[in-house]
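Listed below are the residues making up each chain.
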Amino acid sequence: MIKSRICEILGISYPVFQGGMAWVADASLAAAVSNAGGLGLISSINAGTEAVRNEIRKCKELTDKPFGVNIMLQAPNAGEIAQMVIEEGVKILTTGAGSPAQYMEAWKAAGIKVIPVVASVALALKMQAIGATAVVAEGAESGGHVGELHTMALIPQVVDALDIPVIAAGGICDGRGVAAAFMLGADAVQVGTRFLSAEECTVHQNYKDKILKATDISTIVTGKTLGHPVRSLKTPFSKTFAKMESDPAVKPEEILAFGTGALRKAVKEGDPNGSYMAGECAGMVKKIEPAKAIIEDLIGGAEKLLSGAPELLA
Ligand code: TUI
């Protein structure tokens, strides 16, 4: 049975976090993951602060297990969300796309366990120094906003630098990825893309269909020229975005305007011109199934591999 210190710290049965995917991670998905023994997360990127508050309240009705909220720090309402989660008695937070330093004091005073997502050793060390409970180290295989380093090199370097637990993210999609993450020294994994195919995931069916059809080479990173690299499925939208970026005649403001609202359009409307954020492992997602089955496959698969590992030494 795979257990780690993060299970004790957070009161969860399995060391599996569900990524707090923007527009995607709502009460339905988070509660399903938490009820299955993992850590469900609700995204702060939704139709405004009050919509996120409602998701938190819904989640409390759907599960009595621990769950958390992911705060996207670059969002214009990040400060508002930071206060709202205290009001709602949220106990676990993950943060992404920046440093949560300015909010740490208030969150710690409220007894919140803060688990920032980091993409480098430097930020991981800073987060440990300001009182983070753990960090999610996210490699560039992941979907959405990505850093520079990839999981295989990032995780052991962050593990070596820190004393607090490290949750590995980026490219982890089945028991093989989970086992590998533990071998790299991680205490848990965070999985996003695989949960897009969960029955309880409320994304538009077109989004699920695109994930199920994806292959190994289906994703692309755009936005590097804007300082905000994002991995998404190759679609007419992302290809046009990439073309605009390589055309010196197109101004950054025009590109930004083109991208605004594109993720919501994909998630909520299945709009073919939307942004279908997904990780490199989208090609490994083969079926729609309950979140519980996904967690059982992740953990069961890893346990089987790890218990067979001594044979490698024979
Ligand atoms: O945040 C993410 N992934 C996301 S956020 C998002 S929302 C969105 N993005 C673009 C368009 C529309 C909507 C989609 N995906 N992952 C966590 C993450 N954080 N990955 C990398 C980082 C990161 C990168 C640099 C964290 C900190 C950082 O350093 C900044 C600093 O201050 O040093």
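- Taking an unreviewed UniProt entry as the reference, the protein is identified by name as Nitronate monooxygenase belonging to Candidatus Cryptobacteroides merdavium.

With respect to the packing of helix α10 (residues 236–246) against helix α11 (residues 252–259)
Piece 1. Put simply, α10 and α11 touch, their axes get as near as 10 Å, and they point 170° apart. As judged from the angle between their axes, α10 and α11 are roughly antiparallel. Across the interface between the two elements, F237, T240, F241, M244 and E245 of α10 pack against E254, I255, F258 and G259 of α11.
Piece 2. Of the residues assigned to the contact of α10 with α11, the class counts are 5 nonpolar, 2 polar and 2 charged.

A look at the sheet that holds strand β7 (residues 144–145)
Piece 1. Ordered in space as β7-β11-β10, the 3 strands form an open sheet in which the pairing is antiparallel. The outermost strands of the open sheet, each flanked by one partner alone, are β7 and β10 (219–222).

Things to note about helix α8 (residues 175–183)
Piece 1. Among all positions of α8, only G175, G177, V178, A179, A181 and F182 are buried.
Piece 2. Structurally, α8 contributes buried residues whose contacts are with β8 (166–169), β9 (188–191) and α13 (291–308).
Piece 3. At the C-terminal side of α8, G185 shows a positive phi close to 105°.

Concerning the packing of aromatic side chains
Piece 1. Per the counting criterion, the structure on display carries 5 aromatic pairs.
Piece 2. Aromatic pair F241 and F258: ring centres 6.3 Å apart, planes at 45°, arrangement tilted. Taken together, the residues F241 in helix α10 and F258 in helix α11 connect sequence positions 17 residues apart.
Piece 3. Under the relative-accessibility criterion, F241 is labelled buried at 8%.
Piece 4. You can call F258 partly exposed: its relative accessible area is 31%.
Piece 5. Taken together through their ring pairs, the aromatic side chains of F237, F241 and F258 make up a single cluster.
Piece 6. Above the ring of Y276, the side-chain terminus of K210 is found at 4.9 Å from the ring centroid.

Points about the site of the ligand
Piece 1. Near the ligand lie 15 residues; those nearest to it are A97, L123, E138, H145 and H228.
Piece 2. Take A97: an N or O atom from its main chain is 2.9 Å from a nitrogen atom of the ligand.
Piece 3. Within the backbone of H145, an N or O atom sits 2.9 Å from a nitrogen atom of the ligand.
Piece 4. In isolation the ligand offers 720 Å² of accessible surface; the protein chains occlude 70% of this area.
Piece 5. The residue inventory of the shell around the ligand, partitioned by class, reads 8 nonpolar, 6 polar and 1 charged.

Thoughts on the pattern of salt bridges
Piece 1. This structure, assessed with the given rule, holds 13 salt bridges.
Piece 2. R5 is the salt-bridge partner of D187, the closest N and O atoms lying 3.2 Å from each other. Residue D187 is located in the loop between α8 and β9, and its partner R5 is located in helix α1 (residues 5–10); the two are separated by 182 residues in the primary sequence.
Piece 3. Here R5 falls in the partly exposed class, since its relative accessible area comes to 39%.
Piece 4. Here E55 makes a salt bridge to K58, at a shortest N to O gap of 3.0 Å. With E55 and K58 both in helix α3 (residues 49–62) and 3 residues apart, the pair spans about one turn of that helix.
Piece 5. On the basis of relative accessibility, which here comes to 11%, the residue E55 falls in the buried class.
Piece 6. What emerges from the salt-bridge pattern is a single network uniting E50, R53, R57, E87 and E88.

Comments concerning the sheet that holds strand β1 (residues 16–18)
Piece 1. Reading across from one edge, β1-β9-β8-β6-β5-β4-β3-β2 is the order of the 8 strands in this open sheet, with parallel pairing throughout. Each edge of the open sheet is held by one strand with a lone partner, namely β1 and β2 (40–43). Within the sheet, the average angular offset between the axes of one strand and its neighbour, ignoring direction, is 25°.
Piece 2. By the bridge criterion, 2 bridges tie strand β5 (residues 113–118) to strand β6 (residues 135–138) in an arrangement that is parallel. Residue pairing in the sheet places V117 in a bridge with V136 of β6.
Piece 3. Helix α6 (residues 121–129) contacts β5 and β6 of the sheet and is inclined by roughly 170° relative to β5.

About the criteria used
Residues numbered from 1 in each chain as written. Predicted model: local features only at pLDDT ≥ 70, side-chain atom pairs only at ≥ 80, totals over all residues. Heavy atoms only, no water. Axes fitted to C-alpha atoms, helices over the stretch in contact; angles between N-to-C directions. Helix = DSSP H or I, 4+ residues; strand = E, 2+ residues; numbered from the N terminus. Parallel < 35°, antiparallel > 145°, perpendicular 65-115°, else oblique. Contact = heavy atoms within 4.5 Å. Nonpolar A, V, L, I, M, F, W, Y, C, P; charged D, E, K, R; others polar. Pairing = 2+ DSSP bridges. Buried < 20%, exposed > 50% of the residue type's maximum accessible area, 1.4 Å probe, protein only. Phe/Tyr/Trp six-rings, centres within 6.5 Å; stacked < 30°, edge-to-face > 60°. Lys NZ or Arg CZ within 6 Å of the ring centre and 35° of its normal. Near = heavy atom within 4 Å. Polar contact = N/O pair within 3.5 Å; in protein donor to acceptor, adjacent residues only side chain to side chain. Areas by Shrake-Rupley, 256 points an atom, 1.4 Å probe, with all protein chains shown as cover. Salt bridge = Lys/Arg side-chain N within 4 Å of Asp/Glu carboxyl O.

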